[in-house]
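# What the coordinates show
Next come the chains, spelled out residue by residue.
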Amino acid sequence: MNMKNKNDKFRILLNTTLVTGATLFDKVVFLIINVFIARHLAVALWGEYSTALAFATFFSTITSIGINQTLIRFVNLESHLEKEHFGNALFVKTTLAILAYTAMFITLIVIYFTSSKYNMNTIYLILILGAVRLINEYLSVFYAFYDSKEEFGKSTVFNFFFSFLFLIGTLLVIFYEGNYFHFAFVRLGAALLIITIVIIVTLSRFKVAFN
């Protein structure tokens, strides 16, 4: 019993350290990236970039309705049905992501024809960053699935890889005097690469079913 308690405490400590460390690293890296981008872009261009990111983030929250927490709970409660719970979570998240992006696209069309608030560059930027934000939300389902199985190391590595790719890409854009579209495309490319790797790795280990 004592040995089991020690193992449990060590596991909890290790998992907590991984999650906390990954979160801090992610926040620090993105803070550095935003500082680099803000210093590289003119004030007006930085305003457009941050506005586009905020607009895209707002619509991506539509897909955050407790799916990840529910997945973790049900996989732990009904481990024998984990592939169904995982598949259902992916289906719901995919449906919501499509609806969210469609709603964002329609809203941008309405804004464009009824207001001069956003120019076409800002709208294009929102569409690119909107795809990035929705990919990140989609990734969170995979991370929640790994967390439900206490495989925190997997989600930590994937998060680290994404942050590292985005940081390197940002530095390259700055070095070659790129614009805010290049920053957005670098972010999109990193997100697409990570989601591809995550899907391949996950589906090679776990089966997915829909119920």
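A brief report on the enclosed structure follows. It should be emphasised that the depicted structure is a prediction, and the values quoted were computed from it without experimental measurement.

## Some details on the overall build of the protein chain
What the protein chain contains, in helices and strands, is seven helices and zero strands. Going residue by residue from the N terminus, the α and β elements of the protein chain occur as α-α-α-α-α-α-α. Counting only C-alpha atoms, the protein chain reaches 65 × 40 × 25 Å along its principal axes. Expressed as a percentage of its 211 residues, the buried residues of the protein chain come to 40%. Put simply, 82% of the contacts in the protein chain that link residues at least 6 apart link residues at least 24 apart. When the accessible area of the protein chain is evaluated, it comes to approximately 11,900 Å², of which 70% is carbon and sulfur surface.

## Comments concerning the pattern of salt bridges
One pass over the structure, following the stated rule, counts two salt bridges. A salt bridge links Glu82 to Lys149, with the nearest nitrogen and oxygen atoms 2.8 Å apart. Of this pair, Glu82 sits in helix 4 (residues 82-114) while Lys149 sits in the loop between helix 5 (120-148) and helix 6 (152-175), and the two are 67 residues apart along the sequence. Glu82 gets classed as buried once you look at its relative accessible area, which sits at 19%. On the accessibility criterion, Lys149 (27% relative accessible area) is partly exposed. For the salt bridge of Lys93 with Glu137, the shortest nitrogen-to-oxygen distance reads 3.6 Å. Placement of the pair is Lys93 in helix 4 and Glu137 in helix 5, with a sequence separation of 44 residues. Each member of the pair Lys93 and Glu137 is classed as buried.

## A word on the packing of helix 2 (residues 43-60) against helix 7 (residues 180-205)
For the pair helix 2 and helix 7, interaxial distance at closest approach is 10 Å and the crossing angle is 30 degrees. In terms of their interaxial angle, helix 2 and helix 7 are classed as roughly parallel. In this structure, helix 2 meets helix 7 at a crossing whose hand is right-handed. On helix 7, the residues touching Leu45, Glu48, Tyr49 and Leu53 of helix 2 are Tyr180, Phe183, Ala184 and Arg187. Tallied by class, residues from the contact of helix 2 with helix 7 come to six nonpolar, no polar and two charged.

## So, the environment of Phe86
Inspection of the secondary structure assignment puts Phe86 in helix 4. Ignoring sequence-local partners within four residues, the contact set of Phe86 consists of Leu71, Val141, Phe142, Phe145, Thr202 and Val208.

## So, the nonpolar core
Formed by 52 residues in total, the largest nonpolar core has its most connected members in Tyr49, Phe55, Leu71, Met104, Leu125 and Leu129. Every element with two or more residues in this core is listed here: helix 1 (2-40), helix 2, helix 3 (67-77), helix 4, helix 5, helix 6 and helix 7. Beyond its immediate stretch of four places on either side in the chain, Met104 contacts Phe55, Ala56, Phe59, Ile126, Leu127 and Gly130.

## A few points about the layout of surface pockets
Its volume calculated, the largest pocket comes out at about 710 Å³. For the largest pocket, the lining is made up of 22 residues, of which Thr23, Asp26, Lys27, Tyr143 and Asn159 are closest to its centre. Contributing elements (two or more residues each) for the lining of the largest pocket: helix 1, helix 5 and helix 6. Here the residues of the lining of the largest pocket sort into eight nonpolar, eight polar and six charged.

## Things to note about unusual backbone geometry
Even without being glycine, Glu177 reaches a positive phi, approximately 55 degrees. Inspection of the secondary structure assignment puts Glu177 in the loop between helix 6 and helix 7.

## As for helix 5
Look at helix 5: 42 Å from first C-alpha to last across 29 residues, which is about the 42 Å you get at 1.5 Å a residue. One side-chain oxygen of the residue at the start of helix 5 lies 3.0 Å from the amide nitrogen of Asn121, identifying that residue as Asn119. Just downstream of helix 5, Glu150 is the residue with a positive phi angle, here 60 degrees.

Calculation notes
Residues numbered from 1 in each chain as written. Predicted model: local features only at pLDDT ≥ 70, side-chain atom pairs only at ≥ 80, totals over all residues. Heavy atoms only, no water. Helix = DSSP H or I, 4+ residues; strand = E, 2+ residues; numbered from the N terminus. Buried < 20%, exposed > 50% of the residue type's maximum accessible area, 1.4 Å probe, protein only. Contact = heavy atoms within 4.5 Å. Areas by Shrake-Rupley, 256 points an atom, 1.4 Å probe, with all protein chains shown as cover. Salt bridge = Lys/Arg side-chain N within 4 Å of Asp/Glu carboxyl O. Axes fitted to C-alpha atoms, helices over the stretch in contact; angles between N-to-C directions. Parallel < 35°, antiparallel > 145°, perpendicular 65-115°, else oblique. Left-handed = near helix turned anticlockwise from the far one by under 90°. Nonpolar A, V, L, I, M, F, W, Y, C, P; charged D, E, K, R; others polar. Core = buried A, V, L, I, M, F, W, Y, C linked by side-chain atoms within 4.5 Å. 1 Å grid on protein atoms, 1.4 Å probe; cavity = no way out; pocket = protein on both sides within 12 Å on 5 of 7 lines; lining within 4 Å. Points joined across faces, edges and corners; volume = space filled by probe spheres on them. Expected span 1.5 Å × (residues − 1). Polar contact = N/O pair within 3.5 Å; in protein donor to acceptor, adjacent residues only side chain to side chain.

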